[in-house]
Amino acid sequence: MKTKPIIKKLKFIPNLKNYSSTYKNFDYKKIIKEMTVFPGGKMNLAHTACDQNAMGYRKNKVALYWEGEEGQEMKYTFLEMSQLSNRLGNALKSMEVKKGDRVFLFLPRVPELFVSFLGITKIGAIAGTLFSAFGPQALEDRLQNSGAKVVVTTRELYSRVLKIKKNLPELKKIILIDDWNRVNFMEERKLTKKKAPKDCVWFYELLEKNKQYLRVAQMKPTDPAFMLYTSGTTGKPKGVIHHHQAIVHEMKSAEFVLDIKEDDVYWCTADPGWVTGIAYEILGTWALGASMLVYAGRFSPAKWYDLIQEYRVTVWYTAPTAVRMLAASGASLAKKYNLKSLRHLASVGEPLNPEAVMWGIKAFKLPFHDNYWQTETGGMVIANYPSMKIKPGSMGKPLPGIVAEVVNDKGKSVKPNVEGALVLKPGWPSMMSKIWRRPNKYKKYFEHGWYITGDRAYKDSEGYFWFVGRDDDVIKTAGERVGPFEVESALVSHPKIIEAGVIGKPDPMRGEIIKAFVTLKKGVRPSEALKEQIQQYVKKFLAGHAYPKEIEFMDNLPKTRSGKIMRRMLKAKELGLDMGDTSTLEVF
Ligand code: WT7
């Protein structure tokens, strides 16, 4: 659907006043120089995000408003965040965690996650985050590949780590948060008298024992700082490494796209288990000195509106599936709340359909601003800006400092409105610096001098980019990126399954849902009960979001002559499309 462009009458002065002239004159070298505040051109992203606020006039300003699932509320100032993370940094040092060692966070959205992330990066170690819905297999893949030395988790989640601990020889210590859900801020958290399990220490005991002063490790801008696992089409998830200078682009993009100003109350609904929660909760937005809201509970339209009203949220960053679910709950619900504090809305993660952009106007008198990026890009690369007209359905234009292009197979630019591969010119500050322990995977991202996103798009004659689809089999369900290989591996480990092929099936609410085609062992009778059992199995094994919502039993799966399952054929069959080139097809 094509909708008329939205010309906005802004009631505020945007940070990015003139896109074209800023884009033309933008130079990252100068900005990196300004942000390398330590002698010899060194920096530390935790210092930029937190300590620099804690040392200045913002020290007593609220950095984090936190609300838990059961309505518990906490507040942390920049100074408190800085001191608590110093304590954790000192604790890690006393455990012999050195620069470059990996420390992973397997946590729900608790304040300790933010404290830990800063503490780890302050001492120059690499912080990794893991989504709290991960099951044992997903955890093992990531902790094993990263060679994590320490894991921070809660007592509840610890049982999952325990199941796989024997397969993690590099894991030395586990830091446990006890009863995070029931207690209050540090002073009130009675130090637990219980003995910690083997190889574990209590989080708050560590904080208590360690000093709140720490000399932050002075890092080269290109030293590694944090890592995240993300899925491709083949093989296990890849450990994407980001360096300290990633914060330079995260801060500038938060300034230009989210329009963050220091008196904003900013709410990003993403989980720091994913890159959005790191780049635009901990790093870019704090670096600009804004207060941030984190809600650890489940999605509910009424609760979300209640939070906006209660905390007077001004800037809101969310995802298309959430917008569509809010729309389904009706604009009249939104109208029951006082949401006048809202000034600017943005969305990311999957295509934002024009109806969803327009629904923002209907419910909040503000459009949602779509923007596009990836785990690997470390920050937004294409976006709609407050000062620029929106063409609903378009991702917008490249960020200042980013060169984006649509190219053909040979890496040559195509004409306006012609579809091609979406590529970027390598070298922006937050571009991933490595795939952990898999240098060849990293190299595959670059071709003809471009960074290849793996997405297809076209650019119109005014330079707006329009998303077409993935160039590979990666699935996007409710904004989460799921590799079909991971789901297939989980499926074939089920005792009753022989083979499995997994695809993304278009879904009006979630963008895509996961659909699995499976063949069963001889003598196994297909049934609805079996489908459910398989779903539960994958859920426990991998993660809550990565299970197939639909399962279809087949006698055979389409394969190439070399025996590779052809997901493309399964997708064509599902969508009732032309099968395309079937010359290499073995059976169906
Ligand atoms: C993939 C990246 C979202 C940032 C962090 C998570 C898809 C992302 C959009 C958008 C259409 C989008 C792409 C991309 N995607 N944003 N605005 N419109 N598609 O990113 O999990 O690494 O996934 O998400 O396919 O490659 P991620």
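See the structure shown above.
Described in the following lines is the structure provided in the data block. Everything numeric here is computed off the predicted structure, so don't read it as measured data. (Residues numbered from 1 in each chain as written. Predicted model: local features only at pLDDT ≥ 70, side-chain atom pairs only at ≥ 80, totals over all residues. Heavy atoms only, no water.)

As a further point, take the overall build of the protein. Looking only at helices and strands, the protein features 18 helices and 27 strands. Relative to its length of 588 residues, the protein is compact, with a C-alpha radius of gyration of 24 Å against a globular reference of 25 Å. A principal-axis box enclosing the C-alpha atoms of the protein has dimensions of 65 × 60 × 50 Å. Classification of the 588 residues of the protein by burial places 60% in the buried group. Across the protein, the fraction of contacts at a sequence separation of at least 24, relative to all contacts at a separation of at least 6, is 71%. Surface summary for the protein: the accessible area is close to 24600 Å², and the carbon and sulfur share equals 52%. (Helix = DSSP H or I, 4+ residues; strand = E, 2+ residues; numbered from the N terminus. Rg over C-alpha atoms; globule rule 2.2 N^0.38 Å. Buried < 20%, exposed > 50% of the residue type's maximum accessible area, 1.4 Å probe, protein only. Contact = heavy atoms within 4.5 Å. Areas by Shrake-Rupley, 256 points an atom, 1.4 Å probe, with all protein chains shown as cover.)

This paragraph deals with helix 4 (residues 78-94). With 17 residues, helix 4 extends 24 Å from end C-alpha to end C-alpha; this agrees with the ideal 24 Å at 1.5 Å per step. Along helix 4, twelve of the 17 residues are buried, which leaves the element largely enclosed by surrounding structure. Along helix 4, the residues that are buried comprise Phe78, Met81, Ser82, Leu84, Ser85, Asn86, Arg87, Leu88, Gly89, Asn90, Ala91 and Leu92. Looking one or two places after helix 4, you find Glu96, whose phi comes out positive at around 65 degrees. (Expected span 1.5 Å × (residues − 1).)

As a further point, take the site of the ligand. What surrounds the ligand is a group of 18 residues, the closest being Asp370, Asn371, Thr375, Asp455 and Arg481. Separating an oxygen atom of the ligand from a side-chain N or O atom of Gln374 is a distance of 2.9 Å. Contacts to the ligand include Asp455, whose side-chain N or O atom sits 2.5 Å from an oxygen atom. Taking 550 Å² as the accessible area of the ligand by itself, protein coverage stands at 96%. The element that contributes the greatest number of residues to the shell around the ligand is strand 14 (residues 368-372), accounting for three residues. Class assignment for the residues of the shell around the ligand results in seven nonpolar, five polar and six charged. (Near = heavy atom within 4 Å. Polar contact = N/O pair within 3.5 Å; in protein donor to acceptor, adjacent residues only side chain to side chain. Nonpolar A, V, L, I, M, F, W, Y, C, P; charged D, E, K, R; others polar.)

Throughout the structure, instances matching the rule amount to 31 aromatic pairs. With a centroid separation of 5.1 Å and an interplanar angle of 65 degrees, the aromatic rings of Phe203 and Tyr204 are classed as edge-to-face. Residue classification places Tyr204 among the buried positions, given a relative accessible area of 12%. Measuring from ring centre to ring centre gives 5.7 Å for Tyr445 and Tyr451, while their planes differ by 5 degrees; the resulting arrangement is stacked. Exposure class is identical for Tyr445 and Tyr451. Each is buried. Ring pairs connect the aromatic residues Trp267, Phe299, Trp304, Tyr305, Trp316, Tyr337, Trp359, Phe364 and Phe368, which therefore count as one cluster. (Phe/Tyr/Trp six-rings, centres within 6.5 Å; stacked < 30°, edge-to-face > 60°.)

It is worth spelling out the sheet that holds strand 26 (residues 511-520) at this point. One open sheet holds the three strands; their spatial order is 25-26-27, and the pairing between them is mixed. Of all strands in the sheet, those with a lone pairing partner are strand 25 (497-507) and strand 27 (550-553), marking the two edges. On average, each strand axis in the sheet is tilted by 25 degrees relative to the strand beside it, whichever way the strands run. Of the pairings in the sheet, the one linking strand 25 to strand 26 comprises ten bridges and is antiparallel in character. Pairing of Gly501 across the sheet is with Phe517, part of strand 26. Across the sheet, helix 18 (residues 567-575) lies against strand 25, strand 26 and strand 27, angled at about 55 degrees from strand 25, the strand it touches most. (Pairing = 2+ DSSP bridges. Axes fitted to C-alpha atoms, helices over the stretch in contact; angles between N-to-C directions.)

By size, the foremost hydrophobic cluster in this structure holds 107 residues, and its most contacted members are Met81, Leu92, Phe226, Leu258, Trp286 and Tyr317. Take this core: its biggest share by element is eight residues, from helix 10 (residues 275-287). Split by domain, this core shows at least three residues from each of two domains, domain 1 (34-298) and domain 2 (402-470). In terms of nonpolar packing, the next biggest core, distinct from the first, is built from 47 residues, Leu130, Leu171, Ile174 and Val482 among them. (Core = buried A, V, L, I, M, F, W, Y, C linked by side-chain atoms within 4.5 Å. Domains from an automatic or database assignment.)

As a further point, take the sheet that holds strand 7 (residues 200-202). The sheet built from eight strands is open, its strands ordered 7-6-5-3-4-8-9-19 with mixed pairing. Each edge of the open sheet is held by one strand with a lone partner, namely strand 7 and strand 19 (434-435). Two elements, strand 3 (residues 102-106) and strand 4 (residues 126-130), share five bridges in a ladder whose sense is parallel. Following the sheet pairing, Val103 is matched in strand 4 by Ala127.

Here we take up the pairing of strand 10 (residues 265-268). Judged by which residues are buried, strand 10 turns out to be covered on both faces: Val265 and Trp267 on one side and Tyr266 and Cys268 on the other are all buried. Here three bridges tie strand 10 to strand 11 (residues 291-295), and the two strands are oriented parallel to one another. Paired with Trp267 across the bridge in strand 11 is Leu293. As a crossover connection, the stretch from strand 10 through helix 10 into strand 11 is right-handed. Relative to strand 12 (residues 315-318), strand 10 is paired through three bridges, and the arrangement is parallel. Considered in strand 12, the bridge of Tyr266 is made with Val315. (Right-handed = clockwise from strand over helix to strand, strands pointing away.)

Turning to unusual backbone geometry, a few remarks are in order. Its identity as a non-glycine residue notwithstanding, Arg312 has a phi of 50 degrees, on the positive side. Residue position: Arg312 is located in the loop between helix 11 (301-311) and strand 12. Using a relative accessible area of 60% as the deciding quantity, one classes Arg312 as exposed.

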